[in-house]
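# Coordinate inspection notes
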Amino acid sequence: MRLSPGQTLLCRRLQTTLTPEGKNWLCMSNNFENFLHKSDIANNFYQFTNKVKAYQYQLPFTATQKYLDTNSHALDWGCGNGHFSSFLLYNNQKTTAFGFGEASTHPVLAENKLFNFIAADTTEPVKLPFENEKFDLVCSMGVLEHVHESGGDQLASLKEIHRILKPQGFFLCFHFPYSGSIVEIVHNAIMPYKKHKAYVHTRRFSREDVVRLTDESSFALREWGRYNILPRNFTQRLPLALTNNPLFISAFNATDNLLSCLLPFFCTQSYFIAQKIG
């Protein structure tokens, strides 16, 4: 079975002999580990207080690492409370967060000179208030799949992101719900969406969907992969004494990584990285 880039990234953790490329990935992974366990930043965001739940971001944060440059400018599109911005800032990345206000007053972000917040217009689901070719990177953490719910459209948003990216700039999209997600398929079979809408997505996307969307918006697809099988958000119901226990974290992560390698077609999330070419 040929693994996707996402599964290759996950499976490197299972290798006993690291190649130079694997050692480079391990170094970037350690950056995430340090951010999560050794910095004061992570303790200020609810996404990271439960460490088992927090590790759902390991692949996105590690994959992002190689695209960061202190001379470049990144947009955290649909920033929420700014948890992804906090990682960008941890890596000394000039960051503009775009969202509905939650991140604007967060002390960890607001006090950082590299951080800027721009408020979104609730009546405009597609158009972005930025000039052409402004950003080197645009990052989406669980955002693109929701734009249709507020009157927007995935393709229209990608075309707008293409407009604000500099030539050869990158769009990094993570937590993009995968069409084969076993967790959501089982959940939907047991509990109708209307009654439990917070736990499922109204749209999920295959690799073919991503290829079509990137082609039609003048992007070149550089990476695509799948990750996370186990339902990590469910662990928020467990006591923190368990979910922050190093042995439990290691066992959960190892199981999830192994399942994601062996059964990638059942993964919950996908990601893709696309480069502006037109």
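Scroll up for the structure.
Residues numbered from 1 in each chain as written. Predicted model: local features only at pLDDT ≥ 70, side-chain atom pairs only at ≥ 80, totals over all residues. Heavy atoms only, no water.

### Side note on the overall build of the chain
A tally of regular secondary structure across the chain gives 12 helices and 7 strands. Taking all 278 residues of the chain together, 52% fall into the buried category. In the chain, once contacts between residues fewer than 6 apart in sequence are set aside, the share between residues at least 24 apart is 71%. (Helix = DSSP H or I, 4+ residues; strand = E, 2+ residues; numbered from the N terminus. Buried < 20%, exposed > 50% of the residue type's maximum accessible area, 1.4 Å probe, protein only. Contact = heavy atoms within 4.5 Å.)

### Examining unusual backbone geometry
A positive phi is found at E133, a non-glycine position, where the angle reads about 55°. By relative accessible area, E133 is classed as partly exposed at 43%. Positioned with a positive phi, N228 is a non-glycine residue whose angle comes to about 65°. Counting through the fold element by element, N228 comes out in the loop between β6 (219–227) and α11 (240–243). Owing to a relative accessible area of 8%, N228 belongs among the buried residues under this scheme.

### Quick word on a nonpolar patch on the surface
Together, L258, L262, L263, F265 and F266 make up an exposed nonpolar region whose accessible area comes to about 420 Å². By the element assignment, L262 lies in helix α12 (residues 246–262). According to the relative accessible area criterion, L262 is exposed, its value standing at 51%. (Patch = residues over 30% accessible without salt bridge, like charges linked within 9 Å, V, L, I, M, F, W, Y side chains within 5 Å. Areas by Shrake-Rupley, 256 points an atom, 1.4 Å probe, with all protein chains shown as cover. Salt bridge = Lys/Arg side-chain N within 4 Å of Asp/Glu carboxyl O.)

### Section: the packing of helix α5 (residues 58–65) against helix α6 (residues 83–90)
Relative to each other, α5 and α6 sit at 40°, their axes nearing to 11 Å. Taken together, the axes of α5 and α6 lie oblique to each other. Of the two elements, α5 crosses α6, and the hand of that crossing is right-handed. Facing α5, whose interface residues are F61, T64 and Q65, α6 presents H83, F84, F87 and L88. A per-class count over the contact of α5 with α6 returns 4 nonpolar, 3 polar and no charged. (Axes fitted to C-alpha atoms, helices over the stretch in contact; angles between N-to-C directions. Parallel < 35°, antiparallel > 145°, perpendicular 65-115°, else oblique. Left-handed = near helix turned anticlockwise from the far one by under 90°. Nonpolar A, V, L, I, M, F, W, Y, C, P; charged D, E, K, R; others polar.)

### Points about the pattern of salt bridges
Enumeration according to the criterion identifies 6 salt bridges in this entry. Each of K127, E160 and R163 takes part in one network of salt bridges that share partners.

### Some points on the pairing of strand β2 (residues 94–99)
Judged by how many residues are buried, β2 sits mostly within the fold: 5 of 6 residues are covered. Across 5 bridges, the pairing between strand β1 (residues 73–77) and β2 is parallel. Counted as the bridge partner of W77 is F98 from β2. The β-α-β motif built from β1, the intervening α6 and the parallel element β2 has right-handed crossover chirality. The pairing of β2 with strand β3 (residues 115–119) spans 5 bridges and is classified as parallel. Counted as the bridge partner of T95 is F115 from β3. (Pairing = 2+ DSSP bridges. Right-handed = clockwise from strand over helix to strand, strands pointing away.)

### Quick word on the packing of aromatic side chains
Aromatic ring pairs are described here by two measures, namely the spacing of the ring centres and the angle between the planes. Here the structure, examined in full by the defined rule, presents 25 aromatic pairs. Ring geometry for F61 versus F84: centroids 5.3 Å apart, planes at 65°, classification edge-to-face. Note that F61 is positioned in helix α5 and F84 in helix α6, a separation of 23 residues in sequence. Of the two residues examined, F61 and F84, each falls in the buried class. On the basis of an interplanar angle of 55° and a centroid distance of 4.8 Å, the ring pair of Y67 and F170 is categorised as tilted. Of this pair, Y67 sits in the loop between α5 and β1 while F170 sits in strand β5 (residues 165–177), and the two are 103 residues apart along the sequence. (Phe/Tyr/Trp six-rings, centres within 6.5 Å; stacked < 30°, edge-to-face > 60°.)

### Description of the environment of N71
As for its position among the elements, N71 is in the loop between α5 and β1. Taking C-alpha positions, N71 is 7.8 Å from K94, a pair spaced 23 residues apart along the chain.

### Notes on α12
Taking 1.5 Å per residue as the helical rise, α12 with its 17 residues ought to reach 24 Å, and the 24 Å between its terminal C-alpha atoms agrees with that figure. All of the buried residues in α12 are I249, F252, N253, D256, N257, S260 and C261. Axial view of α12: buried residues confined to an arc of 160°, hence all on one face. Along α12, the residues that are exposed and aim more than 90 degrees away from the buried face are L247 and L262. (Expected span 1.5 Å × (residues − 1). Arc of directions from axis to C-beta.)

### Considerations on the nonpolar core
In this structure, F35, L36, F48, F61, L137, L172 and F174 are the most contacted members of the largest nonpolar core, which totals 38 residues. If sequence neighbours within four positions are ignored, F61 has contacts with F32, F35, F48, H83, F84, F87 and M141. The next biggest cluster of nonpolar side chains, apart from the first, holds 27 residues, and it includes V143, I161, Y178 and F272. (Core = buried A, V, L, I, M, F, W, Y, C linked by side-chain atoms within 4.5 Å.)

Purely spatial values, then, with no claim about function.
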